[in-house]
Amino acid sequence: AIGAPFAWSPKVAFVARFMTVFATVIAVTKDLPDVEGDKAYNISTFATKVGVPRIAKGATICLLLNYAHAILTGVLSKAGTFKPFPMIGGHAALAIMLLARFRELEPEKLA
C-alpha cells in the first residue's frame, strides 16, 4: 500500500518469536491451578488429559529453550544489534530463576 518492501528487523523478529513461545506456555499452563475442580466437574482440559506434572515439566523445558535461544541470539548477533548485558545476562538470570522455582514446585500436589 505504501510501496515500501517488507523486512523484519532482528529486534522485531526476536520479540515476536520470544513472546509467541512465552504466550503459548501461558495458554497451556493457565488451567493448572483449576485441575481439581475440572476433574470434579468432568471438564476436559489439556491439564486433566495430560497431567499437571508433565505439563509443568514441558512448559519449563519450553521456557528454558526460549531463554537459551535468547542468550544465543545475543551472543551470535551482529555487534550492536542487541545490548549484551540484558540480552545475555538478563535471560541467563531469568533461566536460573526459572530452574530454581521449578525445583521448588511440587506439581504432583496440584494433580
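Just above sits the structure.
All of these numbers come straight from a predicted model, not from anything done at the bench. (Residues numbered from 1 in each chain as written. Predicted model: local features only at pLDDT ≥ 70, side-chain atom pairs only at ≥ 80, totals over all residues. Heavy atoms only, no water.)

Draft legend 1. A look at the overall build of the chain. Check the secondary structure of the chain and you find five helices and zero strands. Helices and strands in the chain line up, N terminus first, as α-α-α-α-α. Relative to the 2.2 N^0.38 estimate, which gives 13 Å for 111 residues, the radius of gyration of the chain is 18 Å and therefore markedly larger than a compact globule would have. Principal-axis analysis of the C-alpha atoms gives the chain an extent of 55 × 40 × 15 Å. In the chain, which comprises 111 residues, the proportion classed as buried is 26%. Restricting to contacts in the chain with at least 6 residues of sequence separation, those with at least 24 account for 66%. (Helix = DSSP H or I, 4+ residues; strand = E, 2+ residues; numbered from the N terminus. Rg over C-alpha atoms; globule rule 2.2 N^0.38 Å. Buried < 20%, exposed > 50% of the residue type's maximum accessible area, 1.4 Å probe, protein only. Contact = heavy atoms within 4.5 Å.)

Draft legend 2. Here's a closer look at unusual backbone geometry. We note that Asn-42 has phi near 55°; this positive angle belongs to a residue other than glycine. Positionally, Asn-42 belongs in the loop between α2 (35-40) and α3 (46-50). A relative accessible area of 73% means that Asn-42 is categorised as exposed.

Just distances and angles here, no functional claims.
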